[in-house]
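# Structure at a glance
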Amino acid sequence: MKHNISLIVVLWLMTVASAVAQPNEGATPHRTRLIPYPTAQLAHEGSLAKNRYMQPIEEWIEVYGALRGEFTYPFSWVERQIYIRIEGCREPYEVWINGKYKGQSKNGFAPMELNITKVSKEDKNVVELRLKGGDETRPIESFDRGTPHPKAYIISQPRVRVRDVAWRTTIEQSGVVNADFNVIMQNETLGAKSSELFYEIYLNDTLRLTGGRLSVALGMYGVDTMRFGAPIPDTMLWSREHPTRLSLRLKNRIAGRDVEFYDFNLGMRQVEFNNGSYNINRATERIEWHDLSPRSTIADMEEILDRGIYAVRFTAGYVSDELLDFCDANGIYAAVTAPINSSAMGSSRKRNGNPSNNPAWREEYTERTLQMIHTTKRHPSVIAYFLADDSANGICLYESYLAAKAITATPIFYLDGGNEWNSDR
């Protein structure tokens, strides 16, 4: 009997994993904003203006319910991969490149990236976002969605590329602080490829804390994670009182040529939540969240700061990197909420009741939760995630919680669920 129960549990977990692993149609794995630069100096400046490896779409023209923009494919991109990153569309949309369908997103409140290499051509290209209105997702979007004002970046990366970067801080019992880094490398070709990854960590642009070089060897369409770490003084930890940030500098070299540079602002901190208390870097802090619209501006954030508020929970919707960057730089603790609010559908868990207990919505709920985490995970200010706002409770939020706990140690909450198990305590 025990074996049968175990088998049922394993099969159920496999079902959950398969349900949550599917990205939006055509999308590459979700990640935080990652802009390649052609030189270390440009990477350090971090501008979102056009550079040799990135072009923002600077103007959208509305044409029969679609947004149309353009980019230019230079000859220097011929041996590279081309991606489009779309942020802040705020409603479901399809992506068409030069009249060819490439993918779609039901969740316009999280960034999405697609590989558009095969549908792009040298010289001028046309990008079309065909807006779908949101009727399909309206049952779980009972909040002010705002008007679509998407940002889009055309990104050129080498065939062996940096796909994502993440880091984690661990404070040992002895008080030693360890910083661990993961750089995911991917080969986008049919043949075996190799590259060299150079890394350095700086404080205040002058003090080099560590550095090194890793060799990357990948088979056909291979993916591998390059790992490195370093002990850091506890005086360099990020917190509300001391929002100290370090600089992680990466360089990818293929066949003796430097093909992409990155420079990330790091905030190293450890977050735990036990028995109703937050522990930031092992120090207990009393945090009272101040609810804030994700449509807030930097001016709104400055006003919040002037009022002495240092903990904001962004309610359901699209939270821009710029808002979270402001929190990072100013020591404001932030909580991000998945773009789910099904309050308009009532609180009943019975058939045809609230979507939160309808298995047909399970994948949408879970994917929105995972997108939220993957696209904000590098911000040190984000110390908590909320599964939804005012959305009853049920199987969709249960599985969202399990999926979230499988990929992050950041506390996960759902305060409108009747004190059930799918919220950290």
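Overview of the structure. (Residues numbered from 1 in each chain as written. Predicted model: local features only at pLDDT ≥ 70, side-chain atom pairs only at ≥ 80, totals over all residues. Heavy atoms only, no water.)

### Let's talk about the pairing of strand β11 (residues 177-187)
Our working rule: Two strands are counted as paired when DSSP detects at least two bridges linking them. A run of H or I in DSSP becomes a helix once it reaches four residues, and a run of E becomes a strand once it reaches two; helices and strands are each numbered from the N terminus.
In this structure, strand β10 (residues 160-171) lies alongside β11, joined through 11 bridges in antiparallel fashion. The partner of Asp-164 across the bridge, within β11, is Ile-184. Looking at chain direction, β11 and strand β14 (residues 223-232) are connected through 10 bridges and run antiparallel. Bridge pairing in β14 places Phe-181 opposite Phe-228.

### A few points about helix α3 (residues 298-306)
The following threshold applies: A simple rule labels every residue: compare its accessible area, found with a 1.4 Å probe on the protein chains alone, to the largest value its type can have, and call it buried under 20%, exposed over 50%, or partly exposed in between. Note that the arc is computed from the directions linking the helix axis to the C-beta atoms. The criterion used for residue contact is that any of the two residues' heavy atoms lie within 4.5 Å.
Within α3, the full set of buried residues consists of Met-301, Ile-304 and Leu-305. Taken down its axis, α3 places every buried residue within 100 degrees of arc, on the same side. Contact partners of the buried residues in α3: β20 (290-292), β21 (311-314) and α4 (321-330). Gly-308 occupies a position one or two residues after α3 and carries a positive phi of about 80 degrees.

### Here's the deal with the sheet that holds strand β7 (residues 112-115)
Here is the rule: Every angle, taken between N-to-C directions, lies between 0 and 180 degrees, and every axis is a line fitted to C-alpha atoms, over only the stretch in contact when it is a helix.
Read from one edge of the open sheet, 4 strands run β1-β9-β4-β7, paired in antiparallel fashion. What marks the edges here is a single partner per strand, and that holds for β1 (54-56) and β7. Taken over all neighbouring pairs, the strand axes of this sheet differ in orientation by 20 degrees on average, direction set aside. Here β1 runs beside strand β9 (residues 151-157); their pairing, made up of 3 bridges, is antiparallel. Paired with Gln-55 across the strands is Ile-154, a residue of β9.

### Description of a nonpolar patch on the surface
The condition that has to hold: Like charges are joined within 9 Å and nonpolar side chains (Val, Leu, Ile, Met, Phe, Trp, Tyr) within 5 Å, but only among residues with over 30% relative accessible area and no salt bridge; these make up the patches. Using a 1.4 Å probe, the Shrake-Rupley method yields the accessible areas, and only the shown protein chains count as cover for residues. For salt bridges, the criterion is a side-chain nitrogen of Lys or Arg within 4 Å of an Asp or Glu carboxyl oxygen.
Together, Leu-190, Met-220 and Tyr-221 make up a nonpolar patch on the protein surface, roughly 360 Å² of accessible area in all. Within the secondary structure, Leu-190 sits in the loop between β11 and β12 (193-203).

### Regarding helix α6 (residues 395-407)
One full turn of an α-helix is made of 3.6 residues, so residues set three or four places apart face in the same direction. Rules: Here the expected length of a helix is defined as 1.5 Å per residue gap, with one fewer gap than residues.
Taking 1.5 Å of rise per residue, 13 residues should cover 18 Å, and α6 covers 19 Å from first to last C-alpha, within 8% of that figure. Regarding α6, the residues found buried are Cys-396, Leu-397, Tyr-398, Glu-399, Ser-400, Tyr-401, Ala-403 and Ala-404.

### A short note on a negative patch on the surface
For clarity, the cut-off: None of His or the chain ends enter the tally, which takes Lys and Arg as positive and Asp and Glu as negative. Throughout, a charge is located at the NZ atom of Lys, the CZ atom of Arg, the CG atom of Asp or the CD atom of Glu.
Residues Asp-300, Glu-302, Glu-303 and Asp-306 make up a contiguous surface patch of negative charge. Tracing the chain through its elements places Glu-302 in helix α3.

### Let's talk about the environment of Pro-233
Relative to the helices and strands, Pro-233 resides in the loop between β14 and β15 (246-254). For Pro-233, a relative accessible area of 38% corresponds to the partly exposed category. Each C-alpha atom, one on Pro-233 and one on Gly-175, is 9.5 Å from the other, the two residues being 58 residues apart in sequence.

### Things to note about the environment of Asp-390
Topologically, Asp-390 is positioned in the loop between β23 (382-386) and α6. Its relative accessible area of 44% is what places Asp-390 among the partly exposed residues. With 272 residues separating them in the primary sequence, Asp-390 and Lys-118 have C-alpha atoms 43 Å apart.

### Side note on the side chain of Lys-251
Inspection of the secondary structure puts Lys-251 in strand β15. Put simply, Lys-251 is tucked away with no salt bridge, and the nearest opposite charge, on Asp-258, sits 4.1 Å away. Leaving out residues up to four positions away in the same chain, Lys-251 has contacts with Glu-196, Leu-197, Phe-198, Asp-258, Glu-260 and Phe-261.

### Some words on the pattern of salt bridges
In the structure shown here, the tally under the stated rule is 32 salt bridges. With a shortest N-O distance of 3.7 Å, Asp-321 and Arg-33 are connected by a salt bridge. Taken together, the residues Asp-321 in helix α4 and Arg-33 in the loop between α1 (2-21) and α2 (40-45) connect sequence positions 288 residues apart. For the pair formed by Asp-321 and Arg-33, the shared burial category is buried. The network of salt bridges with common partners includes Arg-31, Arg-33, Arg-85, Glu-87, Glu-113, Lys-151, Asp-321 and Glu-322.

### Some points on the packing of aromatic side chains
Any two aromatic rings considered together are summarised by their centre-to-centre distance and by the angle between their planes. Condition: Pairing of aromatic rings covers Phe, Tyr and Trp, the last counted by its six-membered ring, and requires centre-to-centre distances within 6.5 Å; plane angles under 30 degrees mean stacked, over 60 mean edge-to-face, and any other angle means tilted. In this scheme, Lys NZ or Arg CZ marks a charge over a ring once it lies within 6 Å of the ring centre and within 35 degrees of the ring normal.
Applying the stated criterion across every chain, the model contains 16 aromatic pairs. On the numbers, 5.8 Å between centres and 80 degrees between planes, the contact of Tyr-401 with Trp-421 is edge-to-face. Separated by 20 residues along the polypeptide, Tyr-401 in helix α6 and Trp-421 in the segment after β24 (412-413) bring together distant segments of the chain. Three or more aromatic residues joined by ring pairs make a cluster, and in this case those are Trp-167, Phe-181, Tyr-199, Phe-228, Tyr-262 and Phe-264. Geometry around Tyr-310 places Arg-240 over its ring, the cationic atom sitting 5.2 Å from the centre.

### Some words on the packing of helix α5 (residues 362-374) against α6
Counted only if it meets this: Roughly parallel means an angle under 35 degrees; roughly antiparallel means over 145; roughly perpendicular covers 65 to 115; every other angle is labelled oblique. Working rule for handedness: look at the near helix, and if it is turned counterclockwise from the far one by less than a right angle, call the crossing left-handed; if clockwise, right-handed. Note on residue categories: nonpolar means Ala, Val, Leu, Ile, Met, Phe, Trp, Tyr, Cys or Pro, charged means Asp, Glu, Lys or Arg, and polar means any other residue, Gly included.
For the pair α5 and α6, interaxial distance at closest approach is 8 Å and the crossing angle is 30 degrees. On the basis of their axis angle, the class for α5 and α6 is roughly parallel. Regarding α5 and α6, the two cross each other, and that crossing is right-handed. Counting all contacts with α5, which are made through Arg-362, Tyr-365, Thr-366, Thr-369, Leu-370, Ile-373 and His-374, the residues of α6 involved are Cys-396, Leu-397, Glu-399, Ser-400, Ala-403, Ala-404 and Ile-407. The residue inventory of the contact of α5 with α6, partitioned by class, reads 8 nonpolar, 4 polar and 2 charged.

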